[in-house]
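Chain by chain, the residues:
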Amino acid sequence: ARHVDILVLDCLRKEEDATTHIGLPSALEIAKGVKATRTFLVGMSHSFGDHDQVNEELRQRPDLEGLDIVLAHDGLALNVDL
């Protein structure tokens, strides 16, 4: 198995998948399976609510203990060595 440092996942809705996008429950299941060092969720709709509050909720979830999963933000830049 290969370690994943950074995982970027589409995550349109907080409650459920959409026809062409995954939602938060599916994104979290994928993230738990991959166990990346950091996971960034992107493409959220306005219905997600307050960015900082959702990130705090993610940090507090016992089922995500040991995983660093956050909502990405506009202007976020990641340095990646290929």
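Just so you know, these numbers come straight off a predicted model, no measurement behind them.

Caption draft 1: Representation of helix H2 (residues 51-60). Val54, Asn55 and Leu58 are the residues of H2 that are buried. For H2, the angular spread of buried residues about the axis comes to 100 degrees, placing them on one side. What points out from H2, more than 90 degrees from its buried face, is the exposed set Asp52, Arg59 and Gln60. Of the surrounding secondary structure, the elements contacted by the buried residues of H2 are helix H1 (24-34), strand S2 (38-42) and strand S3 (69-71). Where H2 begins, the capping side chain belongs to Asp50, and its oxygen is found 3.3 Å from the backbone nitrogen of Asp52.

Caption draft 2: Quick peek at a nonpolar patch on the surface. Taken together, the side chains of Ile6, Val8, Leu76, Leu78, Val80 and Leu82 make up a nonpolar region of the molecular surface, amounting to roughly 580 Å² of accessible area. Assignment of secondary structure puts Leu78 in the segment after S3.

Caption draft 3: Structural detail: the nonpolar core. If you look at the biggest cluster of nonpolar residues, it comprises 15 residues, and the most contacted ones within it are Leu24, Leu41, Leu58 and Ile69. Only strand S1 (6-10), H1, H2 and S3 provide two or more residues apiece to this core. When residues in this core are grouped by element, the largest group, four residues, is from H1. If near-sequence neighbours (up to four positions away) are discounted, Leu58 is found in contact with Leu24, Leu28, Leu41, Leu64, Ile69, Val70 and Leu71.

How each quantity is defined
- Residues numbered from 1 in each chain as written.
- Predicted model: local features only at pLDDT ≥ 70, side-chain atom pairs only at ≥ 80, totals over all residues.
- Heavy atoms only, no water.
- Buried < 20%, exposed > 50% of the residue type's maximum accessible area, 1.4 Å probe, protein only.
- Helix = DSSP H or I, 4+ residues; strand = E, 2+ residues; numbered from the N terminus.
- Arc of directions from axis to C-beta.
- Contact = heavy atoms within 4.5 Å.
- Polar contact = N/O pair within 3.5 Å; in protein donor to acceptor, adjacent residues only side chain to side chain.
- Patch = residues over 30% accessible without salt bridge, like charges linked within 9 Å, V, L, I, M, F, W, Y side chains within 5 Å.
- Areas by Shrake-Rupley, 256 points an atom, 1.4 Å probe, with all protein chains shown as cover.
- Salt bridge = Lys/Arg side-chain N within 4 Å of Asp/Glu carboxyl O.
- Core = buried A, V, L, I, M, F, W, Y, C linked by side-chain atoms within 4.5 Å.

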